[in-house]
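Here are the chains, one letter per residue:
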Amino acid sequence: MSCDRKLPGTDTVYRRREVSPSSCLFAFLVFAALALGGCQSPLPPLPNPPGPHTAVRLSPGDVIKASYADETIPDQTQKIRRDGKVSLPLIGEVTAAGKRVIDFQHELVGRYEGELENNEVLVTLENGTATVIVSGFANRPGRVVFDRPTTVYQAIMEAGGVSDYGSASNVHLTRMINGEQRTETINLRPTIHGKPTKPKYVQDGDVIYISRSWF
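Residues numbered from 1 in each chain as written. Predicted model: local features only at pLDDT ≥ 70, side-chain atom pairs only at ≥ 80, totals over all residues. Heavy atoms only, no water.

## Describing the overall build of the protein
Next, step 1: What the protein contains, in helices and strands, is 4 helices and 10 strands.
Next, step 2: Ordering the α and β elements of the protein from the N terminus gives α-β-β-β-β-α-β-β-β-α-β-β-α-β.
Next, step 3: Expressed as a percentage of its 215 residues, the buried residues of the protein come to 31%.
Next, step 4: Considering only intrachain contacts with a sequence separation of at least 6, the fraction spanning at least 24 residues in the protein is 51%.
Next, step 5: Here the protein displays about 14,800 Å² of accessible surface, and carbon together with sulfur accounts for 53% of that area. (Helix = DSSP H or I, 4+ residues; strand = E, 2+ residues; numbered from the N terminus. Buried < 20%, exposed > 50% of the residue type's maximum accessible area, 1.4 Å probe, protein only. Contact = heavy atoms within 4.5 Å. Areas by Shrake-Rupley, 256 points an atom, 1.4 Å probe, with all protein chains shown as cover.)

Given below as structure tokens:
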């Protein structure tokens, strides 16, 4: 009798699969890339970070007051239009948006030279608002509007705080500096845990992105 009889359906020959060293190396690199994707090196701080005493720049929607030393012209309180301009006596339309308050004041003094006996003008910001965008893994991402010095932490709290999937230690703050977008990484975990930290203040037009937490 033959001893090599086979049961039906058992004709497949099973062979041991060998794993090549190159496959192991590729798998390791893929794993390492995934593991390190959420652990990027922090970006350096932005130059000249703003503080509560930083000179603000005027923007559309701000309300300014021009007080004249010459009593022949009444003081003017105006809201900067969407085109960035205001209309003032004797000199007409003047662009205010994008300028520091003190710079705009100096400009008005120069423009009123020859128009008034006393061309001294004092410009004050009566009401100024700024807007930042909070995006990423926030509970209520979107625009945050404020009219006082506001920190990154306060802006995120206005957006509902960091979501369960967000990383408080990997927050990106992006700002336009000299026509370029610059970004720095901020770790808010010590602040959340009540440790004394140096606050980071936001500026009008900033974008705050909360990265995903990988752990």
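From this point, things continue past the structure.
## Some words on helix α2 (residues 101-111)
Next, step 1: Val-101, Phe-104, Gln-105, Leu-108 and Val-109 are the residues of α2 that are buried. Each buried residue of α2 lies within a common arc of 145° when the element is viewed along its axis, so the set occupies one face.
Next, step 2: Residues of α2 that are buried sit in contact with β1 (63-68), β3 (85-88), β4 (92-95) and β5 (121-127). (Arc of directions from axis to C-beta.)

## A word on the pattern of salt bridges
Next, step 1: On inspection of all chains with the given rule, the structure shows 7 salt bridges.
Next, step 2: Between Glu-93 and Arg-81 there is a salt bridge, and its shortest N-O distance comes to 3.0 Å. With a gap of 12 residues between them, Glu-93 in strand β4 and Arg-81 in the loop between β2 (76-79) and β3 connect regions that are remote in the sequence.
Next, step 3: In this structure, the salt-bridge partner of Glu-107 is Arg-111, at a minimum N-O distance of 3.4 Å. Placement of both Glu-107 and Arg-111 in helix α2 is noted, with a separation of 4 residues, approximately one turn of the helix.
Next, step 4: Here the salt bridges share partners, and the residues they tie into one network are Arg-81, Asp-83 and Glu-93. (Salt bridge = Lys/Arg side-chain N within 4 Å of Asp/Glu carboxyl O.)

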